[in-house]
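Summary of structural features
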Amino acid sequence: MDIVELADRLWRGEEPSQKSSPLGHGGPLAEITDSVAFLPNFGNCSVFDTDDGLVMVDTGSIITAQKVHEEIRAWSTKPLHSAIFSHGHIDHVFGVGPFDEEAQTNDWRRPHVIAHRHLPRRFERYLLTAGYNQVINRRQFAVSNLEWPLEYRYPDETYELTHDFAVGSSAFHLQHEKGETDDATVTWFEEQSVLCSGDLFIWNSPNAGNPQKVQRYPLEWANALRRMAALDAQYLLPGHGLPIFGRDRIYQALSETAEYLESLVDQTLALMNEGARLSDTLSSVRAPIHLADRPYLQPFYDEPEFIVRNIWRLYGGWWDGNPATLRPANDRRVASELCELAGGASVLATRAEELLEEGSDEALRLAGHLAEMAWLASPDDEGVQAARQHVFHTLASNATSTMSRGVFRWAERETTGELF
Ligand SMILES: [Zn+2]
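The paragraphs below set out a description of the structure included in this document. (Residues numbered from 1 in each chain as written. Predicted model: local features only at pLDDT ≥ 70, side-chain atom pairs only at ≥ 80, totals over all residues. Heavy atoms only, no water.)

Some details on the overall build of the protein chain
Helices and strands together make up the secondary structure of the protein chain, namely 15 helices and 13 strands. Taking 22 Å as the expected radius of gyration for a compact globule of 420 residues, we find that the protein chain reaches 23 Å, a close match to that expectation. For the protein chain, the C-alpha atoms occupy an extent of roughly 75 × 45 × 40 Å along the three principal directions. Scored against the burial criterion, the 420 residues of the protein chain give a buried share of 53%. For the protein chain, restricting intrachain contacts to residue pairs at least 6 apart in sequence, the fraction spanning at least 24 positions comes to 68%. If you sum the accessible surface of the protein chain, you get close to 18800 Å²; carbon and sulfur atoms cover 51% of it. The positive charge centre, built from 36 side chains, and the negative charge centre, built from 62, are 3 Å apart in the protein chain. (Helix = DSSP H or I, 4+ residues; strand = E, 2+ residues; numbered from the N terminus. Rg over C-alpha atoms; globule rule 2.2 N^0.38 Å. Buried < 20%, exposed > 50% of the residue type's maximum accessible area, 1.4 Å probe, protein only. Contact = heavy atoms within 4.5 Å. Areas by Shrake-Rupley, 256 points an atom, 1.4 Å probe, with all protein chains shown as cover. Lys, Arg positive; Asp, Glu negative; His and termini not counted. Charge placed at Lys NZ, Arg CZ, Asp CG, Glu CD.)

Here is the structure:
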C-alpha cells in the first residue's frame, strides 16, 4: 500500500496500527511531492532536495540512524547541507552522526544543524537527570534495555523567534513554538506548501500531560496549531504518524486539535478560579464530546486527564487542595494504619479483587488504591502481592494509553522486585 493510501486509511480511522503502535509507522522513504521525501520512522524524518544539497527536518533516534542514512542515500547522493531539529527529544536528534562521518570522509562541508535556542539547554538538563530519564523512559515504553544517551550533537546555529534561510534557491521559514516542549520549531516550505509540525501534531491526543516528564504548554500549543492551520498547507509532515494530504484535512486536524486543548484549558481554569480541588477538577473536566471519534485525537499515547494535571501545575502550584497532602505522613505509614483499622492488609487486597470484578472505571481506580495500600503495609505477604499484580495487570490491560500501560506494568513487576 502506498503512503497516500495508508494515510487515507489512517484519516478514516481504518488503520489498526494506530492503536497498537500509537507513535507510528516505520516504512520506506516515500516521495511526497517533487524533491520532498518523508521517512516514517521513530521519529519521522522529512528531506528536501535543493540545488545546493539536502535539508532534513528531524533525523530520528540512535537506533534508526543507520537506516535513515541508507534510506536517504538510496533516494539522493547529494551531501546533507542542513538539518533542523523540531525539538530536542531523543527520537529526533540522533540521526546526524552518519552524515557528519560521511562529510568528513568525503571532505564535504559538515552538515549545519539549526534549532531553537532552548534546545542546548534541554541537552544539559538531560545530563543532569540522565538516571531519572533512563528509569522513566524504560517504564513509559516498557523497554528494559533503553540506555539514556550522554553525548549529544549540538546545533551549529540557534535562533530566538523566527529564522528564515535559503539553501540554493529553496527558502525555509522556521517558527519557534511552545507546546510539548519549550524548544519547538515548525518548518514551513512555502514554495511547495509543505509544513513540518514536529511533535505539535502526532496523530494522537497531544502529549501535553505526560505523567513523568517536565512541563507542557497546552494553550501555547493550541496557539501554535492555529498559526499552522492559517498557513493553508497542502502537505503536513508530522513528527510521528503519517502525512496528511490536502488543505481541508490539514486545516481540520490542526484546528480541531487546538480546540481540544483550548477546551481542556478553559474547563480546568474555570474550576481553578472557583477554588476547586485538583481531585474534583480531574473528575469533572472532559475532552470535547463532538471530537471523540477523531482518529487523530484518540488517547492511545497520552490522556486528557493527564493534560488537566499539567494545566494545574502550569497555572497553579504542586499542592492539590487536600489539607492532608500538604504535609503528608509517609504513604507506608498511612497504609499500615488503615490496614490495621480494617483488620489486616488482606482485607484491602480482597476488596480490591472484588472491585476488579465490578469492572467500572471508578471501581478499577479504587482497586488500585486498595491494592497499593495493602502492599505498602505488607509487601512480603504473598496473597497481597498476588492481588496487587492482578489489579495492576488488569489496569494495564484496560488502559488506552502508552503512559498508563507503562506505569501499571511497571507496578506489576515491582511487586516481586522484577524491575528493570
Ligand atoms: Zn517524538
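A short note on the pattern of salt bridges
Pairs can form between side chains of opposite charge whenever their charged atoms are close. In total, this model carries 27 salt bridges according to the counting rule given. Ionic pairing is found between Glu160 and Arg117, a salt bridge with its closest N-O pair at 3.2 Å. Residue Glu160 is located in the loop between strand E7 (157–159) and strand E8 (162–167), and its partner Arg117 is located in the loop between strand E6 (112–116) and helix H5 (119–128); the two are separated by 43 residues in the primary sequence. Overall, Arg117 belongs to the partly exposed group, its relative accessible area being 40%. The residue Arg153 makes a salt bridge to Asp156 at a minimum N-O spacing of 3.2 Å. (Salt bridge = Lys/Arg side-chain N within 4 Å of Asp/Glu carboxyl O.)

Description of the coordination of the zinc ion
Coordination of the zinc ion by the protein involves Asp91 (OD), His92 (NE2), Asp199 (OD) and His240 (NE2), with metal-donor separations of 2.1 to 2.3 Å. Here the zinc ion is ringed by four donor atoms whose angles at the metal span 83 to 170°, and the overall shape comes out irregular. Since its relative accessible area comes to 0%, His92 is described here as buried. (Donors = N, O, S within 2.8 Å, 3.2 Å for Na, K, Ca; no water. Tetrahedral: all angles 85-135°; square planar, octahedral: opposite > 155°, others 65-115°.)

Quick word on the pairing of strand E3 (residues 45–50)
Across the six residues that make up E3, a large majority, five, are buried. The pairing of strand E2 (residues 36–39) with E3 spans four bridges and is antiparallel. Bridging from a neighbouring strand, Ala37 pairs with Val47 of E3. Hairpin connection, E2 to E3: the antiparallel pair is bridged by five residues. (Pairing = 2+ DSSP bridges.)

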